[in-house]
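One-letter residues, chain by chain:
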Amino acid sequence: NEVFCAGLIDARKNAKMTQAELAKATGLQSAAISHFECGQRQPSITNLRKLCLALKVSADFLLYLPLQKS
């Protein structure tokens, strides 16, 4: 999904991390980070959580979900 790819790239760049640094912070392979950013693979819920924690963002940010207004 292009939206997730863009959100992940933005979050990683905002955190001033390389793909290798994000991989190390999450315990994932660098190739997995690359595949997520290129849209070749989608992370599992467990890996999505690891990405959010390492990047200090919400899943909503990575998925570019707008805040709902009451």
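An account of the accompanying structure is given in this report. Source: prediction; values computed, not measured.

1. A closer look at unusual backbone geometry
And step 1. Unusually for a residue other than glycine, Lys 16 sits at a positive phi of about 55°.
And step 2. Relative to the helices and strands, Lys 16 resides in the loop between α1 (2–14) and α2 (19–26).
And step 3. Classification of Lys 16 as exposed rests on a relative accessible area of 72%.
And step 4. Positioned with a positive phi, Lys 56 is a non-glycine residue whose angle comes to about 60°.
And step 5. One can find Lys 56 in the loop between α4 (45–55) and α5 (59–62).
And step 6. On the basis of relative accessibility, which here comes to 75%, the residue Lys 56 falls in the exposed class.

2. Some words on the packing of α2 against α4
And step 1. Closest axis-to-axis distance for the α2/α4 pair is 9 Å, and the angle between their directions is 110°. When the interaxial angle is binned, α2 and α4 end up roughly perpendicular. Between α2 and α4 the crossing geometry is right-handed. Mapping the contact onto sequence places Leu 22, Ala 25 and Thr 26 in α2 and Lys 50, Leu 51, Ala 54 and Leu 55 in α4.
And step 2. Considering only residue class, the contact of α2 with α4 consists of 5 nonpolar, 1 polar and 1 charged.

3. Describing the nonpolar core
Proteins that are soluble and globular tend to have nonpolar side chains buried together.
And step 1. In this structure, Leu 8, Leu 22, Phe 36, Leu 51 and Leu 62 are the most contacted members of the largest nonpolar core, which totals 16 residues.
And step 2. Elements represented by at least two residues in this core include exactly α1, α2, α3 (30–38) and α4.
And step 3. The element that contributes the greatest number of residues to this core is α4, accounting for 5 residues.

4. Focus: the side chain of Glu 37
And step 1. Along the chain, the position of Glu 37 falls in helix α3.
And step 2. A polar atom in the side chain of Glu 37 sits 2.5 Å from the side chain of Arg 12.
And step 3. Setting aside anything within four residues of it in sequence, one finds Glu 37 in contact with Cys 5, Leu 8, Ile 9, Arg 12 and Gln 19.

What counts, and where the lines are drawn
- Each residue is numbered by its place in its chain's sequence as written, counting from 1.
- At least 70 in pLDDT is required for a residue's local features to be given in this predicted model, at least 80 for side-chain atom pairs to be given and counted, and no such filter applies to totals for whole chains, interfaces and linings, which use all residues.
- Where side-chain values are given, they derive from all heavy atoms of the structure, hydrogens and water being excluded.
- We count a stretch as a helix when DSSP gives it H or I for four or more residues in a row; a strand needs E for two or more, and each element gets its number in order from the N terminus.
- When a residue's accessible area, from a 1.4 Å probe over protein chains only, is under 20% of the maximum for its type it is buried; when over 50% it is exposed; and in between it is partly exposed.
- Fitting a line to C-alpha atoms yields each axis, with helices limited to the stretch in contact; the angle taken between N-to-C directions then spans 0 to 180 degrees.
- Roughly parallel here means an angle under 35 degrees, roughly antiparallel means over 145, roughly perpendicular means 65 to 115, and every remaining angle is called oblique.
- Left-handed describes a crossing whose near helix is turned anticlockwise from the far helix through less than a right angle; right-handed describes the clockwise counterpart.
- What makes two residues a contact is simply this: any of their non-hydrogen atoms within 4.5 Å.
- As a working rule, the residues Ala, Val, Leu, Ile, Met, Phe, Trp, Tyr, Cys and Pro are called nonpolar, Asp, Glu, Lys and Arg charged, and the rest polar, with Gly in that last group.
- In these notes, a set of buried Ala, Val, Leu, Ile, Met, Phe, Trp, Tyr and Cys residues joined through side-chain atoms within 4.5 Å is what counts as a nonpolar core.
- Under the rule applied, a polar contact is a pair of N or O atoms within 3.5 Å (in protein, one hydrogen donor and one hydrogen acceptor; residues adjacent in sequence only if both atoms are side-chain atoms).

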